[in-house]
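Okay, here's what each chain looks like letter by letter:
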Amino acid sequence: MITFDSVNKYYGEYHALREITEHVARGEVLVVCGPSGSGKSTLIRTINRLEPVASGRITVGGQDIHAPGLDVNALRSHIGFVFQQFNLFPHLSVLDNCTLAPQRLRGLGRQDAEARALALLERVGLAHKARARPADLSGGQQQRVAIARALAMQPPLMLFDEPTSALDPEMVGEVLQVMRDLARDGMTMVCVTHEMGFAREVADRVWFMDHGQVLERATPEEFFARPQHPRARQFLADIRSPLGLPA
Ligand SMILES: Nc1ncnc2c1ncn2[C@@H]1O[C@H](COP(=O)(O)OP(=O)(O)OP(=O)(O)O)[C@@H](O)[C@H]1O
Ligand SMILES: [Mg+2]
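In what follows, the accompanying structure is described.

How each quantity is defined
Residues numbered from 1 in each chain as written. Chains lettered and ligands numbered in written order. Predicted model: local features only at pLDDT ≥ 70, side-chain atom pairs only at ≥ 80, totals over all residues. Heavy atoms only, no water. Near = heavy atom within 4 Å. Polar contact = N/O pair within 3.5 Å; in protein donor to acceptor, adjacent residues only side chain to side chain. Areas by Shrake-Rupley, 256 points an atom, 1.4 Å probe, with all protein chains shown as cover. Helix = DSSP H or I, 4+ residues; strand = E, 2+ residues; numbered from the N terminus. Salt bridge = Lys/Arg side-chain N within 4 Å of Asp/Glu carboxyl O. Buried < 20%, exposed > 50% of the residue type's maximum accessible area, 1.4 Å probe, protein only. Core = buried A, V, L, I, M, F, W, Y, C linked by side-chain atoms within 4.5 Å. Contact = heavy atoms within 4.5 Å. Phe/Tyr/Trp six-rings, centres within 6.5 Å; stacked < 30°, edge-to-face > 60°. Lys NZ or Arg CZ within 6 Å of the ring centre and 35° of its normal.

### Here's the deal with the site of ligand 1
Part 1 of the reasoning: Neighbouring ligand 1 are Y11, Y14, P35, S36, G37, S38, G39, K40, S41, T42 and E162.
Part 2 of the reasoning: For ligand 1, an oxygen atom lies 2.8 Å from a polar atom in the side chain of S41.
Part 3 of the reasoning: In this structure, T42 approaches ligand 1 through a side-chain N or O atom, which is 2.5 Å from an oxygen atom.
Part 4 of the reasoning: Relative to its unbound accessible surface of 630 Å², ligand 1 loses 58% to contact with the protein.

Here it is, written out as structure tokens:
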């Protein structure tokens, strides 16, 4: 579904992605973890061309995303992206947030778009909020709407960049549950997250990044039980015992 071939990216002098050569299979749930500043957001944002790269090749569904003449808006409309901030349109109802792009970009009629949106809102447990404004929802509810809105475009691939890290702790679970359901339904997912419980339970594979490189790729069983790279071991020790106390 996604391939990276010798991808390099710089911010000025800073080498933010170093020779990334990796792939993500169709139907795979990948969790990308690593310390702050390691390049996780940069990497995930290259997939829908929110970040240009200096060299290398990225394909999505077999398509070179930097091919001349490729319509970047069309590319993005086929990749669902959920950020830390929910970015819902504040002046639109929940339902209209979920019907706007399918009508404008997919040519769906209002009725079809609303039927699809309501089914998705049902799936994320928010059909009863269809007429509400985003400001009247909790953070967890807004993030579930953001997921439904992305799904309304029927993307074959969903990207998540720390979708729960702006949420109050009691709302994290409801968003992770929606992601878990999506994974079980076979969606291809790339998830940058610090939720190691989610990684352990749902991921098919984990990538550990540091300093712009993928230092380790493993199943969650291997990664959590026997991290190979010293920096991965340190990372896991730090998140298990953030104050340096014995875990
Ligand atoms: N627009 C930018 N201009 C310059 N440097 C940047 C820019 N965006 C990111 N960087 C730098 O690139 C590196 C990777 O950043 P990135 O946001 O990808 O890290 P991250 O792994 O997502 O971190 P976090 O866990 O804190 O979100 C960092 O050192 C960061 O300071
Ligand atoms: Mg980030």
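Additional details are given in the paragraphs that follow.
### A look at the environment of L118
Part 1 of the reasoning: With respect to the secondary-structure elements, L118 resides in helix α4 (residues 110-123).
Part 2 of the reasoning: Remark: the alpha-carbon pair of L118 and V31, spanning 87 residues in sequence, is separated by 29 Å.

### Regarding the pattern of salt bridges
Part 1 of the reasoning: Under the definition given, this model contains 12 salt bridges.
Part 2 of the reasoning: E51 is the salt-bridge partner of K9, the closest N and O atoms lying 3.1 Å from each other. Of the two residues, K9 sits in strand β1 (residues 2-11) while E51 sits in the loop between α1 (40-46) and β4 (55-60), which places them 42 residues apart along the sequence.
Part 3 of the reasoning: On the accessibility criterion, E51 (11% relative accessible area) is buried.
Part 4 of the reasoning: Salt bridges linked by common partners bring K9, R45 and E51 together as one network.

### Quick word on the nonpolar core
Most often, soluble globular proteins keep nonpolar side chains buried together rather than apart.
Part 1 of the reasoning: Counting residues in each nonpolar core, the largest one holds 52 residues, and the members touching the most others are L121, I147, M158, F160, M179, M189 and F223.
Part 2 of the reasoning: If one sorts the elements of this core by residue count, helix α6 (residues 169-184) sits on top with eight residues.
Part 3 of the reasoning: Excluding residues that lie within four positions of it along the chain, I147 makes contacts with V82, M158, F160, V175, V178, M179 and L182.
Part 4 of the reasoning: I2, L17, L43 and V60 belong to the second largest nonpolar core, which has 25 residues in total.

### A few points about the packing of aromatic side chains
Part 1 of the reasoning: By the definition in use, this model includes five aromatic pairs.
Part 2 of the reasoning: Ring geometry for F223 versus F224: centroids 5.3 Å apart, planes at 75°, classification edge-to-face. Each member of the pair F223 and F224 is classed as buried.
Part 3 of the reasoning: Members of the aromatic cluster, joined through ring pairs, are F208, F223, F224 and F235.
Part 4 of the reasoning: The ring centre of F89 lies 5.2 Å from the NZ or CZ of R149, which sits over that ring.
Part 5 of the reasoning: If you follow R200 out to its NZ or CZ, it ends over the ring of F224, 4.5 Å from the centre.

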